Each structure stands twice: as structure tokens, then as C-alpha cells.
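Summary of the model geometry
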There are 2 protein chains.
Amino acid sequence: MSPLEITSLDVRDIRFPTSLSLDGSDAMHTSPDYSCAYVTLETDSPDGLTGCGLTFTNGRGTEVVVAAVRAFAPLVVGRTLEQITADMRGFWRGLASEDQLRWLGPEKGVIHLATGAIVNAVWDLWAKAERKPLFRLLCDLEPRQIVDAIDFRYIEDALSPAEALELLTAMRGGRAERLAELERLGGYPAYTTSAGWLGYSEDKIVSLAREARSAGFTHMKMKVGQDVAADARRAALIREAIGPTGTLMMDANQFWGVDEAIAAMEVLGRFDPWWIEEPTSPDDVLGHARIRREVAPIRVATGEHVQNRVIFKQLFQAEAIDVCQIDACRLGGVNEVLAVILLAAKFGVPVCPHAGGVGLCEYVQHLAMFDYIAVSGTTEGRIVEWVDHLHEHFLHPAVVIEGRYTIPTAAGYSIEMLPGSLDRYEFPSGAAWATGAQDGAQITSA
Amino acid sequence: MSPLEITSLDVRDIRFPTSLSLDGSDAMHTSPDYSCAYVTLETDSPDGLTGCGLTFTNGRGTEVVVAAVRAFAPLVVGRTLEQITADMRGFWRGLASEDQLRWLGPEKGVIHLATGAIVNAVWDLWAKAERKPLFRLLCDLEPRQIVDAIDFRYIEDALSPAEALELLTAMRGGRAERLAELERLGGYPAYTTSAGWLGYSEDKIVSLAREARSAGFTHMKMKVGQDVAADARRAALIREAIGPTGTLMMDANQFWGVDEAIAAMEVLGRFDPWWIEEPTSPDDVLGHARIRREVAPIRVATGEHVQNRVIFKQLFQAEAIDVCQIDACRLGGVNEVLAVILLAAKFGVPVCPHAGGVGLCEYVQHLAMFDYIAVSGTTEGRIVEWVDHLHEHFLHPAVVIEGRYTIPTAAGYSIEMLPGSLDRYEFPSGAAWATGAQDGAQITSA
């Protein structure tokens, strides 16, 4: 393989007017326009190889993430893929700890969302250059290479590089068998959130829950939070639709304080939820720990807004969560996701990635399959979120059949979008955002 | 007072090429260009009243914060000061929980830095309209008005509105006496960090430490972290310069992991540091708690990078810190600072605000004086950071004499900058950034 130079970084503001239908609405995000900052790394490859990555956003403010991505561009452009992959840890720290930009985080919020998009684009490029789906590239790397991609700063008191190496080495055998088993079963287990958005009517929720049941989903998630009485009514309807053997999860999207969460789950516990997700602020490690003690045996899940490995480390140390919901681009891309997957394995907490949004399903299928094949060795208590919208904009969309994510086969991280979609939904210049095209959408004034 | 409408929000990218002299250099920020996103709220006031606020940044990436401020503008422009002050809590939550923008935080990083600048500009405007320095406005507000400015979401399990009201009401008497006492003493105690920047030579450090001593400073802070042996050498020099009765603080600026911090303080403890500041990641509540237990009786301080009241709440709950270093614009402006000052009072942790940077000294003098007069009633164990640079750019700069912040007298939050400075240091168009004007400065490529 001859050196592959990254010759330019392009970033675009892509927004879908989902607030028109309230797809994705929850207690804290009542009217989202699902969006992303979309990164393309152009290279000098004779085959025209590009690395693609995105970070999911919610409409207004996507332009802020775009600006952050641009601020990182000088750290990426002009480097070769070989230089980067030869020192993945150094490359990652170079972004996450850039000595002026880190003031804006560090390693959190806008600046870290931007890091995630760029880092994922590099991994997409690497996987494409190796002609492998990302999860295969990860599974084929030597344990030492995985460890060398991780920045252990701030987590070494909980997981040392030597422990990480040991975890990976112990799972080295049996990878081929586990991949075969995944193929035999038709893929990785999925649950659906599509039925339970907060903005949907009760009729729509019931009919969607029934549809999901017939489509093969055994696990279903509903949004709760703003009004416990209304939540209980909707929970009763969904429980009736899926029956006592169906698994129901609840998601409060950070709406409650600690005491409110405990009080609400006393009411909602009678619908037998498998977990309560984001019961309070994602920053409140000690709050989650207290909620978990008080609402047991209902499990506590969080992660889509957990800003970095340092907070995840503490959630594990404090025994604050039962379910680790990594997000592929809230964390600083693949490198930091690897750290959290290994931390979760060490502490024995199952990883059930957050998905939905734009491209998150495409991303996380790779992470869950890597976790199964190369780290945890089991899908027990593990299931990946599935939301059935916006997949039509991807070149190689995630496919769920009979409640399972089928195994991705195309090279890369499955995150490349179709040129036509990028043009149409680019904000504010795309046709989808032309006057009259999106009456009622929450258009930013940026 | 007739209604005062905010007619426009202007935001500028202001950068000082401080990396030329390594002023401000520390273990993690080796070459900072002290900067800010500077907000001006224009009004329809016949007197030309404007509200000014800024958030401190470190050079590259200031343009990202500027973009974030612009995203919030529609929530501010067109409102009257009276509408805002009549529901300060609602106004603050409207910014911090804006339903699309919050995805980029929530309440952390770029989006929260932007919130801080805007919120502070509103308080500056309010104080100017009342013709009072900000700390006087705060001290004169009824306890109920202070409580009504605070968003208790996510902290109510640690501090209820009723408890906050009780704390404030208990300190209601004696305010005039405490203000008189502050006047009698010549202001609020300050310490200096100017001597101890990491990039300075040992000679320069010694001569600056001696100068600080003769200027009346009894407390002095040095930067540590990259190399414990070198830190020990510099600590010995400073200790010699200030004598055994001088108070020395150390600041690692997040350089260490938990175990490294404990090991380093075993070495550096022999120089009798009063506190170790930012020994590790600002996100690591449990890590700080362990470090504090292990390095006692050396005190543990943190706060300049503590992203919001939720992390501060946990630092108190976990007994992780001895010193609470609020930052006036890392937190979401005055409203959230009030929450943290009251949390600190409830948990009995002294507040010693972070300053330096651009405008932080100007800001925090007000916060410390409010804390003394209206909340804690004491300056025992409390001292405010002072860094003697960039003050010449402010209309009413903070003034430290004989180791004390003198009491601000001008109306407002002391954060208004001189028009000439704004023009000269605006990035990239100002004269200070013209080709050749700043050879060697770390110019962003944004």
C-alpha cells in the first residue's frame, strides 16, 4: 500500500426537517430537526478513496460544530493515513488536547463532537483502504494495536493498558466462531424506539407498537418524563400491545432531578420496564448511583450524552448504571469508544449503544459486533437501538430484519451519505430548505 | 424606569498574542493566546446603555464560541430588560435548555461558554441600569430574587430553593457592616499567579516572586505538572524567595492522572503547598475525592474547568475539594454562579474564584465580594486570584493594591472593553494581527 495523503477536509451542515412530523421528539428535545456536521477527507488515492464521518446534531447550532471541525482541519490535512495509523493514540490526543482548542472543552461538548466526526472519518478511510467493514478491521487488529489507539489519560486508575491488553488477548480465540454465530442468527439483536416518540398521538403509538411486534421486535422503548400520568397511560397502551412477554424500556431524556426520577419510577415501575434511560443529568454520576439503588430491580441506563471516558469511568466506579449506552460521535470517535467498551468489560456492564438520529444506527452496528466478537464474547443482556428513519440517505444503510441488525459487508464505517441527499439537505442552501419547502420546521436563524 | 429593549447583539473575536511571551503558560496550555468572545447588547436606552459580557478563550477556536453566541441571539434580541429580570430563572433556562442547541452540550463546553457571555452581558446591563456595581446590585436584591434567578434543575437533591432562601436570609443583617469592613481593609484579599507561569525561566520566577512579595502579596501560586523534578526545583526557589511564612499554592492544570497526582504531591508536599489545584481532569469527581483523601492535609482545589453546577454539586457531595474555584464564564454566567456559591455555603467549602485570562479578574471581584457580604459572611480561607496583565484594555479595570482587590465603584460588571482595544485585537482583522505584527504568535488558520 503506497502512502495515502489526506489532501483536504470538507465539512457540511446537513439538516432534515424532522420537526414537521415530531419524529425523534422527547421530553427535552420537543421539536428536533435531525442534523449532522458531515466531514469528508479527500485523499490522493488513485481509487478516489475518501474518509467520511459525521456527528449528529439537533438542528440549530450545527453551524457551530461545523466551525469547530474547521478549527481542527490543520491537524489532519497533509498527513498520511500511514502516519496516523502508526500512532493512533498520538493522533487522537493531538486533537483532544490541542493546547488552545482544549480550553473550549476539554473533551466535551461542541469541540468533542467535532473530534468524533473527524476521528470517525479517519477510521472510515482506514477501513476502506483495508477493504473491510469497520468492525472487521477492529476485530482483525492485534490486541496491542487496539490498546495503542486508546488515550489512557484520566482512566488509568480504573483500567491500565496491561489490563486492556489482557482482556483483548483473552478473547482472541473464538472470533471466527462468534462471527459465524452472528451470521447464523441473522445479525445482532435490535430494539425499536420508533413507536414511542413523545410527540406522537396515543393511536399512532399503539398501531406502531403492534407493527413493531409483527416486524419481529421483542424489545421496544418509549419516551417518558414530562407528565407521569400521561406516561403511565401510554405505557399501559404499549404494554397491552406488546403483551407481558414483550420487553419495554423507558427513556426520560434527562427530564428529572434525582428525587423526581425516583418518585416517577415508583409510578411507572408497575409496567415492568427493563430499564429507565437518562433519568437525570448525564453529568450526575452520584445521582445515577442513588437512583439505581432506589429503583432496583429496574435497571438504569445512560450514555448518549455522556461526554467522555472520564464520566463513563466514574459511572462504572460508582456502580451507577446497569447499561452502558455508548454514542459513536458524542465520544471522541472510535478511539474513545474502544476505551469505554473495555472499561465496560472490566466492570462487567453490558454495552447497548445509543442509535437513531442521523447515521447513528449505521455507526453503532460495527461497535456492537466488535464488542461481541472481540471483547465481551456475548450478546447476553445486550441489544442495539434501532430507529427506522433517514437511512435512505446513506450509501450503505444499516439493515434490520426480524429484529436484528444484519452484518455490514461494505468496506468502511457505513457512514457515507449519498451526494444527492447532501445537496438537498444542506443548510441553508439545499432545496429542502428553500422557502415553502418546510413550513413549520424549526428553522434556525443562524 | 421605562422599558429598555435589547435591540441587537454584537459579538467579536478578540485575541491577544500572549504566546509571544508565554504569559499564561501551564502544563496543558503551553502556548496560549489569551482571547475572548466579546458580546455587546445594544439597547434603545436614550442614555446609550449597553450590556457587555465576554467569555475567556485561549486563541484558536474563539470563532467557534462566536458562532455559538450568534446562535443564541434570537433568544435575547427584542426582549426588554424588564421581561428578563422579571423571570431570570426562565430566561436562563431558555438559553441553557434551548431544545435544539442543548444537544451540543447540554450546559457544557462551547455552548455554555456562549451562554455565560450573554448572561453576564444581561447582568452588566441590569447593573448599569440600576447605576450600581454588580456586587452591589446582587447584595441589594431580596433573597427571594436571588433564589428566583437560579435554575435548581439537577441540584435540588443537594440544595432546595427553601434552603437557599434560608441561607441568604440568615445573612441579611450585617451587610452594611461587612461592606464597611471591606472598605476599611482596602478590599478583598488577592493572591498572584503572575510569577509562576511554566514557560518562565528560573531567574525570572525568582525575581517576580520577590517583586510580588514587596508588592504586598502573602500568597503566590506556581504552575507544576510536566516534570516533578523541575517543579521541585522551582518550588524550592519560590519558597526561598517568599520565606516560610509566605503561602505557596500549586496548580497542575489537569496534567496528571489520579495515581500520578498522588505520587507527585508526595514529592512536592515538602514545600508546604496550601493547595494543589486541578490535579487531574475537571470531570473526575471521584478522582478528586481519592486524591484529597491521599494528599491531606494539602488541600485540593478545582473549578476553572468545572463545566456546570451539576459537577460542582457532586464535588461537594463526594467531599472531593477543599476550595471551590468558580469561573465567571465557564459556568453559565451570574445565575449559575449564584447556584454554586450557595451550594458551597451549604457544604461549608470556601469559594476562591479563578481569575486571570481576559477580564476574569474584573468579573470575579464582584462575585467574591457578594459571597462575603451576602452569603458566607467571612473571608476566612478565601482569596481571589490576580494576574496582572491585559487590564489596560478595560474601561474600569480591576485594581489590586497591597495584595487586595479594591472595591469596584463603576456601575456594571466591570467587563466593558475600550473601543480602541477591541479594534486593535479583533481577529483576524485588527492591527495587532496584521502580518509582521506578531511574529511567533500561534495564529489560528481559521
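The rules behind these values
- Residues numbered from 1 in each chain as written.
- Chains lettered and ligands numbered in written order.
- Predicted model: local features only at pLDDT ≥ 70, side-chain atom pairs only at ≥ 80, totals over all residues.
- Heavy atoms only, no water.
- Salt bridge = Lys/Arg side-chain N within 4 Å of Asp/Glu carboxyl O.
- Helix = DSSP H or I, 4+ residues; strand = E, 2+ residues; numbered from the N terminus.
- Buried < 20%, exposed > 50% of the residue type's maximum accessible area, 1.4 Å probe, protein only.
- Contact = heavy atoms within 4.5 Å.
- Buried area = accessible area lost by both parts, 1.4 Å probe.
- Polar contact = N/O pair within 3.5 Å; in protein donor to acceptor, adjacent residues only side chain to side chain.
- Nonpolar A, V, L, I, M, F, W, Y, C, P; charged D, E, K, R; others polar.
- Axes fitted to C-alpha atoms, helices over the stretch in contact; angles between N-to-C directions.
- Left-handed = near helix turned anticlockwise from the far one by under 90°.
- Parallel < 35°, antiparallel > 145°, perpendicular 65-115°, else oblique.
- Arc of directions from axis to C-beta.
- Domains from an automatic or database assignment.
- Expected span 1.5 Å × (residues − 1).
- Pairing = 2+ DSSP bridges.
- Least-squares fit on C-alpha atoms with pLDDT ≥ 70 in both.

1. A word on the pattern of salt bridges
When the charged atoms of two side chains with opposite charge come close together, those side chains can pair. A complete count under the given rule lists 58 salt bridges over all chains for this structure. Note that Glu181(B) is salt-bridged to Arg184(B), the shortest N-O span being 3.0 Å. A residue pair is termed a helical-turn pair when its members lie 3 or 4 positions apart in one helix, as Glu181(B) and Arg184(B) do in helix α8 (residues 175-185) at 3 residues. What makes Arg184(B) exposed here is its relative accessible area of 60%. A salt bridge links Glu277(B) to Lys221(B); the nearest nitrogen and oxygen atoms lie 2.7 Å apart. Linking Glu277(B) in strand β7 (residues 273-277) with Lys221(B) in strand β5 (residues 219-223), this pair joins segments that are 56 residues apart in sequence. On the basis of relative accessibility, which here comes to 0%, the residue Glu277(B) falls in the buried class. Three or more residues joined by partner-sharing salt bridges are found here, namely Lys221(A), Lys223(A), Asp251(A), Glu277(A) and Glu385(A).

2. What about unusual backbone geometry?
The step from Gly105(B) to Pro106(B) runs through a cis peptide bond, and the omega angle for that step is -15°. Along the chain, the position of Pro106(B) falls in the loop between α3 (88-96) and α4 (109-129). Cis peptide bonds are those with omega within 30 degrees of zero, and the linkage from Ala296(B) to Pro297(B) qualifies with 10°. Mapped onto the elements, Pro297(B) comes out in the loop between α12 (285-295) and β8 (299-302). Despite not being glycine, Arg131(A) has its phi angle at roughly 55°, a positive value.

3. Some points on the interface of chain A and chain B
Opposite the 62 residues of chain A that make contact, chain B presents 62 residues. Between chain A and chain B, the buried area comes to about 5,200 Å², and carbon and sulfur atoms account for 53% of it. Considering only the side of chain A, the residues that lose the most area to chain B are Gln100(A), Trp103(A) and Leu104(A), jointly responsible for 18% of the buried surface there. Applying the counting criterion to the chain A and chain B interface returns 8 salt bridges. Between Asp284(B) and Lys313(A) there is a salt bridge, with the nearest N and O atoms lying 2.5 Å from each other. In this structure, the connection of chain A to chain B is made through 41 residue pairs in polar contact (both at pLDDT 80 or more). Counting residues per element, the ones that place at least two in the side of chain A that touches chain B are β3 (50-57), α1 (62-72), α4 (109-129), α11 (258-268), α12 (285-295) and α13 (309-317) of chain A. Per-element accounting of the side of chain A that touches chain B gives the leading share, 6 residues, to α1(A). For the side of chain A that touches chain B, a count of residues per class yields 25 nonpolar, 21 polar and 16 charged.

4. Topic: the packing of α1(A) against α4(A)
Each pair of packed helices gets described by two things: the angle between the helix axes and the distance between those axes. Residue and element names in this part refer to chain A. At a minimum axis distance of 8 Å, the contact between α1 and α4 shows a crossing angle of 65°. For the element pair α1 and α4, the recorded crossing hand is right-handed. In contact with Val64, Val65, Ala68, Val69 and Phe72 of α1, α4 contributes Val110, Ile111, Leu113, Ala114, Thr115 and Ile118. Partitioned by chemical class, the residues of the contact of α1 with α4 number 10 nonpolar, 1 polar and no charged.

5. Side note on the packing of helix α9 (residues 202-214) of chain B against helix α10 (residues 228-242) of chain B
Residues and elements named next belong to chain B. Two elements in contact, α9 and α10, have axes separated by 9 Å at closest approach and are oriented at 30°. Between α9 and α10, the angle is such that the two are roughly parallel. For the crossing formed where α9 meets α10, the hand is right-handed. On α10, the residues that touch Glu202, Ile205, Val206, Ala209, Arg210 and Arg213 of α9 are Arg233, Arg234, Leu237, Ile238, Ala241 and Ile242. Of the residues contributing to the contact of α9 with α10, the split by class is 7 nonpolar, no polar and 5 charged.

6. Topic: α11(A)
All of the buried residues along α11(A) are Val258(A), Ala261(A), Ile262(A), Ala264(A), Met265(A) and Leu268(A). Across the axial projection of α11(A), the buried residues extend over an arc of 165°, all falling on one side. Where α11(A) is buried, its residues contact α10 (228-242), β6 (247-251), β7 (273-277) and α12 of chain A together with α13 (309-317) of chain B.

7. Remarks on the domain arrangement of chain A
Residue and element names in this part refer to chain A. The domain boundaries assigned to chain A delineate domain 1 (6-161 + 420-435) and domain 2 (170-413). One C-alpha centre belongs to domain 1, the other to domain 2; they are set 22 Å apart. With both chains or domains summed, domain 1 and domain 2 bury close to 4,800 Å², and 65% of this area falls on carbon and sulfur atoms. When the area that domain 1 buries against domain 2 is broken down by residue, the three leading residues are Ala27, Phe135 and Cys139, summing to 13%. Linking domain 1 with domain 2 are 3 salt bridges. Glutamate 142 is the partner of arginine 172 in a salt bridge, and the nearest nitrogen-oxygen pair spans 3.6 Å. For the pair domain 1 and domain 2, the interface holds 27 residue pairs in polar contact (both at pLDDT 80 or more). Those elements giving two or more residues to the side of domain 1 that touches domain 2 turn out to be β2 (35-43), β3, α3 (88-96), α4, α5 (134-140), α6 (143-148) and α16 (419-425). When residues of the side of domain 1 that touches domain 2 are assigned to their parent elements, the largest contribution, 10 residues, is made by α4. Classifying every residue of the side of domain 1 that touches domain 2 by side-chain character gives 30 nonpolar, 14 polar and 14 charged.

8. A look at α4(A)
Residues and elements named next belong to chain A. Taking 1.5 Å of rise per residue, 21 residues should cover 30 Å, and α4 covers 30 Å from first to last C-alpha, within 8% of that figure. Most of α4 is tucked away, with 21 of its 21 residues classed as buried. The positive-phi residue at the C-terminal boundary of α4 is arginine 131, with phi of around 55°.

9. A short note on the sheet that holds strand β1 (residues 6-15) of chain A
Residue and element names in this part refer to chain A. The sheet built from 3 strands is open, its strands ordered β1-β2-β3 with antiparallel pairing. Each end of this open sheet is capped by a strand with a single partner; those strands are β1 and β3. Pairwise comparison of adjacent strand axes, ignoring direction, gives a mean angle of 15° for this sheet. With 9 bridges joining them, β1 and β2 adopt antiparallel strand pairing. Note on β2: the bridge partner recorded for leucine 9 is leucine 41. Each of β1, β2 and β3 is contacted by α1, which is oriented at about 175° to β1, the strand it contacts most. This element, α4, spans β1, β2 and β3 of the sheet and lies at about 150° to β3.

10. A look at the relation of the copies chain A and chain B
Superposing chain A onto chain B requires a rotation of 180° together with a translation of 0.0 Å along the rotation axis, leaving an RMSD of 0.0 Å. Within this description, the copies of the chain are treated as partners about a two-fold rotation axis. Residue Gly109(A), judged by its C-alpha, is the member of chain A lying nearest the rotation axis, at 2.4 Å.

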